[in-house]
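Reading the structure
So you can see what is in the structure, the chains are spelled out below.
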Amino acid sequence: NSKISYPIHFEKESRTVFLSGEAFFDIAKNPKKPFFVYSNEIITKVLGTSFTIKAFEKDANVTVSVKTGRVNVYNQRRINVSDPETKGIILIPNQKGIFNRETENLTKALIEKPLPLSNVEIKNYNQSFDEVHVGQVINSLANVYGIKIIYNDEQLSKCVITTRFKNEPLHDKLDLICQLIGGSYKEVDAQIIIDSKGCK
């Protein structure tokens, strides 16, 4: 139930398509000819990346989820702004932009199931940690998934853990870490914040 339309030949300075529904795009890089997807109320601009747009007419939200690369998403209705991109958001892998049609707000969040970055070798996310500072484990996860994970290094300075990760989902790994250090985590603006009173 999706529809995409595009010209027989793209313009000299851009590649533009129009989407109603859902589609996954894998765009060849061409900095001189950016790729634009017009999907109802939002415009997604990329130079070369892969991402999914979900923009069904009946849905309350329009979402753009990034797999690789970087995209710029902005509200199409702000056409009276001299440079509408400045009012948009930049998305990187494992992030999604959500446009609420009722409020016309554009927000950033993590995708439901973040995946290791495509350039991360399998050995880097099949890891064993033997009596290491928890910050080392957290930083390793941040690198594997390309997600900023914020924690208080001073509060966690005495937290030493032993664990092994294979291909469990990121949220399961975070749950385990928080269980070991008596903490919790939450997502704020496509970042993870870990809260803990520390270890004795």
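Below or above, wherever it landed, is the structure these notes cover. A quick note: this is a predicted structure, and the numbers were derived from the prediction, not measured.

As a further point, take the overall build of the protein. Assigned secondary structure in the protein consists of three helices and 15 strands. Across its three principal directions, the C-alpha atoms of the protein cover 65 × 35 × 35 Å. Taking all 200 residues of the protein together, 41% fall into the buried category. Long-range contacts, defined here as pairs at least 24 residues apart, represent 47% of the contacts in the protein between residues at least 6 apart. Split by element, the accessible area of the protein, about 11900 Å² in all, is 48% carbon and sulfur.

Turning our attention to the side chain of Lys-96. If you trace the backbone, Lys-96 turns up in strand β9 (residues 95–100). In terms of polar contacts, Lys-96 uses its side chain to reach the side chain of Glu-112, at 2.4 Å. In contact with Lys-96, not counting residues within four places along its chain, are Val-64, Ser-65, Leu-91, Thr-107, Lys-108, Ala-109, Leu-110, Ile-111 and Glu-112.

Once that is clear, we can look at the state of the cysteines. The term disulfide refers to a covalent linkage connecting the sulfur atoms of a pair of cysteines. Inspection of the entire model under this criterion finds one disulfide. One disulfide in the model links Cys-159 with Cys-199; its S-S distance is 1.9 Å. Residues Cys-159 and Cys-199 are joined by a disulfide whose S-S torsion is about 100 degrees; by sign, that bridge is right-handed. With Cys-159 in the loop between β12 (149–150) and β13 (160–165) and Cys-199 in the segment after β15 (191–196), this pair connects stretches of sequence that are 40 residues apart. In this structure Cys-178 is a free cysteine whose sulfur lies 11 Å from that of Cys-159, the closest cysteine sulfur available.

Regular strands show a simple pattern: their side chains alternate between the two faces of the sheet. Among the five residues that make up strand β3 (residues 35–39), four are buried, leaving the element largely enclosed by the rest of the structure. Where strand β2 (residues 15–26) lies against β3, four bridges are found, and the strand directions are parallel. Of the residues in β3, the one forming a bridge with Phe-18 is Tyr-38. Both β3 and strand β4 (residues 42–46) contribute to a ladder of five bridges, which runs antiparallel. Bridging across to β4, Val-37 finds its partner in Thr-44. The hairpin turn running from β3 into β4, its antiparallel successor, is two residues long, and Asn-40 in that turn takes a positive phi close to 55 degrees.

Turning next to the packing of aromatic side chains. Overall, the coordinates contain four aromatic pairs when judged by the stated rule. For the pair Phe-25 and Phe-51, a centre-to-centre distance of 5.2 Å together with 20 degrees between the ring planes defines the contact as stacked. Note that Phe-25 is positioned in strand β2 and Phe-51 in strand β5 (residues 50–55), a separation of 26 residues in sequence. Comparing Phe-25 with Phe-51, the two get one shared label, buried. In textbook terms, an aromatic cluster arises when at least three aromatic residues are bridged by ring pairs, as seen for Phe-25, Phe-35 and Phe-51. The ring centre of Phe-56 lies 5.0 Å from the NZ or CZ of Lys-58, which sits over that ring.

Taken together, Ile-4, Tyr-6 and Phe-10 make up a surface patch of nonpolar side chains, about 310 Å² in accessible area. With respect to the helices and strands, the residue Phe-10 is situated in the loop between β1 (3–5) and β2.

So, on to the nonpolar core. Within soluble globular proteins, side chains that are nonpolar generally end up buried alongside one another. Ranked by size, the top nonpolar core spans 25 residues in total, and within it Val-134, Ile-138, Leu-141, Ile-149, Ile-177, Ile-181 and Ile-194 carry the most contacts. At the level of elements, β11 (127–133), α2 (134–145), β13, α3 (170–181) and β15 are the ones that each hand at least two residues to this core. Here this core gets seven residues from one element, more than from any other, and that element is α2. Aside from chain neighbours lying at most four places away, what touches Leu-141 is Ile-149, Phe-165, Leu-170, Lys-173, Leu-174 and Ile-177.

Here we come to the environment of Phe-99. Topologically, Phe-99 is positioned in strand β9. The class of Phe-99 is buried, set by a relative accessible area of 0%. Linking Phe-99 and Ser-196, residues 97 residues apart in sequence, is a C-alpha distance of 33 Å. Setting aside anything within four residues of it in sequence, one finds Phe-99 in contact with Glu-41, Ile-42, Ala-60, Asn-61, Val-62, Asn-75, Glu-104, Asn-105 and Leu-106.

About the cut-offs
- For every chain, the first residue of its written sequence is number 1, and the numbers climb from 1 along that sequence.
- Only residues with pLDDT of at least 70 are given local features in this predicted model, and only at 80 or more are side-chain atom pairs given and counted; all residues enter the totals for whole chains, interfaces and linings.
- Note that the side-chain values use all heavy atoms of the structure and ignore hydrogens as well as water.
- Numbering goes from the N terminus for both helices and strands, where a helix is a DSSP run of H or I of at least four residues and a strand is a run of E of at least two.
- Relative accessibility under 20% of the residue-type maximum defines a buried residue, over 50% an exposed one, and the middle range a partly exposed one, all with a 1.4 Å probe and only protein chains included.
- It only takes one pair of heavy atoms within 4.5 Å for two residues to be counted as in contact.
- All accessible-area figures derive from a Shrake-Rupley calculation using a 1.4 Å probe, and residue coverage is judged against the displayed protein chains alone.
- N or O atoms within 3.5 Å of each other form a polar contact, as long as, within protein, one can give a hydrogen and the other can take it, and as long as residues adjacent in sequence are counted only when both atoms are side-chain atoms.
- Note that a disulfide, as used here, is simply two cysteine sulfur atoms within 2.5 Å.
- Note on pairing: two strands pair once DSSP finds at least 2 bridges between them.
- Only Phe, Tyr and Trp rings take part, Trp by its six-membered ring, and two of them pair if their centres are within 6.5 Å. Stacked means planes under 30 degrees apart, edge-to-face means over 60, and tilted covers everything else.
- Note on geometry: a ring has a charge over it if NZ (lysine) or CZ (arginine) is within 6 Å of the ring centre and within 35 degrees of the ring normal.
- Patches here are clusters of residues that have more than 30% relative accessible area and form no salt bridge, with a 9 Å joining cutoff for like charges and a 5 Å cutoff for nonpolar side chains (Val, Leu, Ile, Met, Phe, Trp, Tyr).
- Only one rule defines a salt bridge in this text: a Lys or Arg side-chain nitrogen within 4 Å of an Asp or Glu carboxyl oxygen.
- Buried residues of nine kinds, namely Ala, Val, Leu, Ile, Met, Phe, Trp, Tyr and Cys, make up a nonpolar core once their side-chain atoms join them within 4.5 Å.

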